[in-house]
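Here is what each chain is made of, one letter per residue.
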Amino acid sequence: MLSARTSASPASLWKRVGGEGGSSDGCRSCREVRRRAAAVMVRAAAPRRVEAVAMGSTAETEKEEMAAAGCGVEDPYGEDRATEEQPVTPWAFSVASGYTLLRDPHHNKGLAFTEKERDAHYLRGLLPPAVVSQKLQIKKIMHNLRQYQLPLQRYMAMMDLQERNERLFYKLLIDNVEELLPVVYTPTVGEACQKYGCIFRHPQGLYVSLRDKGKVLEVLRNWPERNIQVIVVTDGERILGLGDLGCQGMGIPVGKLSLYTALGGVRPSACLPITIDVGTNNEQLLNDEFYIGLRQRRATGEEYHELMEEFMNAVKQIYGEKVLIQFEDFANHNAFDLLAKYSKSHLVFNDDIQGTASVVLAGLLSALKVVGGTLAEHTYLFLGAGEAGTGIAELIALEISKQTKAPIEECRKKVWLVDSKGLIVDSRKDSLQSFKKPWAHEHEPLTTLLDAVQSIKPTVLIGTSGVGRTFTKEVVEAMASFNERPIIFSLSNPTSHSECTAEEAYNWTQGRAVFASGSPFDPVEYNGKIHVPGQSNNAYIFPGFGLGVVISGAIRVHEDMLIAASEALAEQATQENFDKGSIFPPFTNIRKISAHIAAAVAAKAYELGLATRLPPPRDLVKYAESCMYTPVYRNYR
């Protein structure tokens, strides 16, 4: 392989081997020499992985604005919507061609390579003669996916596609988001994590284990990309409602980042999934011969926190302070501590606490357009007082405080929580974990959810318990007895852990419930009317939130940015959605929704003085759309 540091010019190299004016016998293969000489030219001219050459005719004012704000970040791969018409050169360390090009998921187009591209990149004979469009490729893959009987089979097929043709994977997901979202994420990803050791084929992220203590920075440097914008990290201790899955929790960061790209437009090259492997307390996994993680009990205390401290410092050292670190599926006792500890020094976000809260607040703001009243005029009762429950409760209280100008302590009194021991009340305060104490109000002790519903008479019932079928018929009927339109959110994932089904909620309230769930449910017919249940899915929020952080160059996450995201999402729900029974807009519009959320988050970051990309763009929605990754195939030189 010729070095990019070779002092001889490509032309002189050609002459020396008998190319110009010489016999064809002067080298083994003139074509090979041309290719190698071209590689030298490309590498000498551009040290980055892919060279994007502007060929378009964008208006000068837009060009200046994009240049001034940096279009979020540099676009060396030619991935953003603003550059999708520009030809690019598919090269890694040299121009990718031939068999190598077909094995490069970033640039492979399969049968969509044109005749001209097949000649230019030495693909003749390596592909069948047919040239097909990306649209036809999508049609074929969807046909094949629908033949599978099991969701896990479809999940594996999608992951295989991502590993061989990245753009086709994302185009497929974007164009069929409502059908494929449950495949690449909840509920199927839960089963995938449980069986990750059996289905593991190709590493899709970084694994940082206790064995790497003292060498975490070296581990991060092994990742081939340097321009990382979003990291999703888990330690696998609380995967969905499935418990401790250890190293096999990697399916969660991989799935989340797929949605950051497909739904929020964050470039796949800028996303990094990471699993922190500190062992597992899952005996079944420890005894499973196919388990891919450390075979030891889970580390805790000082040993755990030292590794996390080293990891967080290494991330900041190698990627800078503007990389968004999303904590995902950490157990309660670590999730709150990590968020509190690093929120002041790093750009961190916990989707289980903050993302869930933001999307539920958006659902409540939309629901108020149906049932009437303000947030402060309603009473809220939660089943579940963990990360999700307390996170949602706090954001509701913050929004009430913002609307009424009342102290946050007073606003919290509108919100009640029930945990495994019953209603959280003041008499239990000494035995409560710290994150539950703000919700301990004056009330007689109650041990069951039904007792709490009958005593408090909430207008809103929210389930975050992770325990299926806990919204019993008696509980739901009680809600319907004193509310004309009871608001019932059954948020636990996966579907089997949902507190009640959509059908149960509508049937037990005579079709009057305003219902939303964490996992998808099919439409329900009641008395001749079709009710389309809304899905309170975090995927509405975190992709657009992440994009807003990236395009503004925010250095910290502020609670007002979460509220801005909630308000932006609620604004996207229309009367047409309400008439169908849904309080959320359809996922088919998710890219547009994400652009509006990103714009709202970025605007709030600029307002709070947390944004670093200056000057701010004049039209943040248009700017967000232009910075979005687009997976259409590019023309290769």
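These numbers come from a predicted model, not from an experiment. (Residues numbered from 1 in each chain as written. Predicted model: local features only at pLDDT ≥ 70, side-chain atom pairs only at ≥ 80, totals over all residues. Heavy atoms only, no water.)

Details of the sheet that holds strand 8 (residues 380–383)
At step 1: Across the sheet, seven strands lie side by side as 10-9-8-11-12-13-16; this open sheet has mixed pairing. With one partner strand each, in any of the chains shown, strand 10 (422–423) and strand 16 (534–535) form the two edges of the open sheet. (Pairing = 2+ DSSP bridges. Helix = DSSP H or I, 4+ residues; strand = E, 2+ residues; numbered from the N terminus.)

Describing the sheet that holds strand 7 (residues 348–350)
At step 1: The five strands are arranged 3-5-4-6-7 in an open sheet whose pairing can be described as parallel. Strands at the two margins of the open sheet, each flanked by one partner only, are strand 3 (206–209) and strand 7. Strand-to-strand, the axes of this sheet are offset by a mean angle of 25°, without reference to chain direction.
At step 2: Alignment of strand 6 (residues 324–327) against strand 7, held across three bridges, turns out to be parallel. Following the sheet pairing, glutamine 326 is matched in strand 7 by phenylalanine 349.
At step 3: Packed on one face of the sheet, helix 15 (residues 301–319) meets strand 3, strand 4 (230–234), strand 5 (271–277), strand 6 and strand 7 and runs near 160° to strand 5. (Axes fitted to C-alpha atoms, helices over the stretch in contact; angles between N-to-C directions. Contact = heavy atoms within 4.5 Å.)

Focus on the pattern of salt bridges
At step 1: Here the structure, examined in full by the defined rule, presents 29 salt bridges.
At step 2: Arginine 124 is the salt-bridge partner of glutamate 115, the closest N and O atoms lying 2.5 Å from each other.
At step 3: Judged by relative accessible area, arginine 124 falls into the partly exposed class, the value being 47%.
At step 4: Between glutamate 309 and lysine 341 there is a salt bridge, and its shortest N-O distance comes to 2.9 Å. You can see glutamate 309 sitting in helix 15 and its partner lysine 341 sitting in helix 16 (residues 332–342), a full 32 residues away along the chain.
At step 5: Classification of lysine 341 by relative accessible area gives partly exposed; the value is 43%.
At step 6: If you follow the salt bridges from partner to partner, you end up with Asp235, Glu237, Asp244 and Arg298 in one network. (Salt bridge = Lys/Arg side-chain N within 4 Å of Asp/Glu carboxyl O. Buried < 20%, exposed > 50% of the residue type's maximum accessible area, 1.4 Å probe, protein only.)

What about the confidence of the model for the protein chain?
Do not read the predicted coordinates in detail wherever pLDDT is low.
At step 1: When the pLDDT values of the protein chain are averaged, the result is 89; 87% of them are 70 or greater.
At step 2: In this model residues 1–70 is a low-confidence stretch, pLDDT under 50, and it forms 86 contacts with partners more than four residues away in sequence or in other chains. (pLDDT = per-residue confidence, 0-100.)

Section: the environment of methionine 561
At step 1: Inspection of the secondary structure assignment puts methionine 561 in helix 24 (residues 559–572).
At step 2: Among the residues examined, methionine 561 registers a relative accessible area of 0% and is labelled buried.
At step 3: C-alpha separation for the pair methionine 561 and alanine 605, spaced 44 residues apart in sequence, amounts to 6.8 Å.
At step 4: If sequence neighbours within four positions are ignored, methionine 561 has contacts with Phe545, Val549, Ala554, Arg556, Val601, Lys604, Ala605, Leu608 and Leu610.

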